[in-house]
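Now for the letters of each chain:
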Amino acid sequence: MLQYIGGQIGIGLDGNAMADDDDYFAEMRLALHIHRAPQIGARVPQPAEIFAMATTGGARILGQSEHLGQIRVGSLADLAVVDLTRCSWPYRAPEVDPIAFILQRARAGDVTDVLVDGCHVLAAGEPTRFDWKGLGNALGDEFRATPLNARGVSLVSELTPFLEAWYGKKRTNDYHQMIVFYPGM
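Residues numbered from 1 in each chain as written. Predicted model: local features only at pLDDT ≥ 70, side-chain atom pairs only at ≥ 80, totals over all residues. Heavy atoms only, no water.

1. Describing the overall build of the chain
Keep this limit in mind: Put simply, DSSP H or I for four residues or longer makes a helix, DSSP E for two residues or longer makes a strand, and each gets a number counted from the N terminus. Classification of residues uses two cut-offs on accessible area relative to the type maximum, computed with a 1.4 Å probe and protein chains only: under 20% is buried, over 50% is exposed, and between them is partly exposed. The contact criterion used is simple: two residues touch if any of their non-hydrogen atoms lie within 4.5 Å. Where accessible areas are quoted, they stem from the Shrake-Rupley method and a 1.4 Å probe; at the residue level, only the protein chains shown are allowed to cover.
Within the chain one finds six helices and six strands. When burial is assessed residue by residue, the chain has 18% of its 185 residues classed as buried. A fraction of 53% describes how many contacts in the chain between residues 6 or more apart in sequence connect residues 24 or more apart. Carbon and sulfur atoms provide 60% of the accessible area of the chain, an area that totals close to 13,700 Å².

Listed below in structure tokens is the structure:
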């Protein structure tokens, strides 16, 4: 397990992800790629380490490693089934590390089934505890029945020139970001 200055590292999805797609595979892929170094032989996280951060690492951070993050007797049986058909087409070399392959190629849409505490909550890509299509139709009807907020549209028009003036003055080199990866001891 990787350690960051003595602490545990976990990957989680809290609210909307960076791309607003709630794709946990994309978040793991970002964690894998963001630490790539330009030097040959530089120590970077490996796919198995990223996967561990996303499973057992998250469970440890929550203080729930006895019940979460592992497939074993006594754990809560939170599982996701991933259909690798799309990922594997047209070919996947058999010698490719399966964890690396999944991190590099899988997407949220490839998840077909999800079990939470042993209960099937997503089956064949459809929620089992509520009517997804019915909910979508009801929301669509509600949105269509809601009149346009003219005052809101007017306010956006009034504020837009000020926002454009403010953000137009910003230069990208005014900001610096450094992300540092520390391998475990």
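Anyway, onward from the coordinates.
2. Comments concerning the confidence of the model for the chain
To keep things clear, this is the line we draw: Per residue, pLDDT measures the predictor's confidence, with a range of 0 to 100.
The predicted model of the chain has a mean per-residue pLDDT of 84, with 85% of residues at 70 or higher. Within the model, pLDDT remains below 50 along residues 174-185, and this stretch shows 18 contacts once partners closer than five positions in the same chain are excluded.

3. Quick word on the nonpolar core
To keep it simple, the criterion reads: We call a set of buried Ala, Val, Leu, Ile, Met, Phe, Trp, Tyr and Cys residues a nonpolar core when their side-chain atoms join them within 4.5 Å.
Counting residues in each nonpolar core, the largest one holds 15 residues, and the members touching the most others are Ile11, Phe25, Met28, Ile50 and Met53. Of all elements in the fold, only helix 1 (24-34), helix 2 (47-61) and helix 4 (98-105) reach the threshold of two or more residues within this core. Of all the elements, helix 1 adds the most residues to this core, at four residues.

4. Brief notes about the packing of helix 1 against helix 2
For the record, the criterion: In this analysis, axes come from line fits to C-alpha atoms, helices being fitted only over the stretch in contact, and the angle between any two N-to-C directions falls in the range 0 to 180 degrees. Orientation labels follow simple angle bins: below 35 degrees gives roughly parallel, above 145 gives roughly antiparallel, 65 to 115 gives roughly perpendicular, and whatever is left gives oblique. Handedness of a crossing is defined here by the sense of rotation of the near helix relative to the far one, left-handed for an anticlockwise turn of less than a right angle and right-handed for a clockwise turn.
The N-to-C vectors of helix 1 and helix 2 enclose an angle of 130°; their axes lie 10 Å apart at closest approach. Accordingly, the angle class assigned to the pair helix 1 and helix 2 is oblique. Considering the relative orientation of helix 1 and helix 2, their crossing is right-handed. Here Tyr24, Met28, Ala31 and Leu32 of helix 1 lie close against helix 2, whose contacting residues are Pro47, Ile50, Phe51 and Ala54.

5. Considering the environment of Ala54
Counting through the fold element by element, Ala54 comes out in helix 2. Among the residues examined, Ala54 registers a relative accessible area of 11% and is labelled buried. Note: C-alpha distance between Ala54 and Gly10 (44 residues apart in sequence) is 5.7 Å. Look past the residues within four positions of Ala54 in its chain and what remains in contact with it is Ile11, Tyr24 and Met28.

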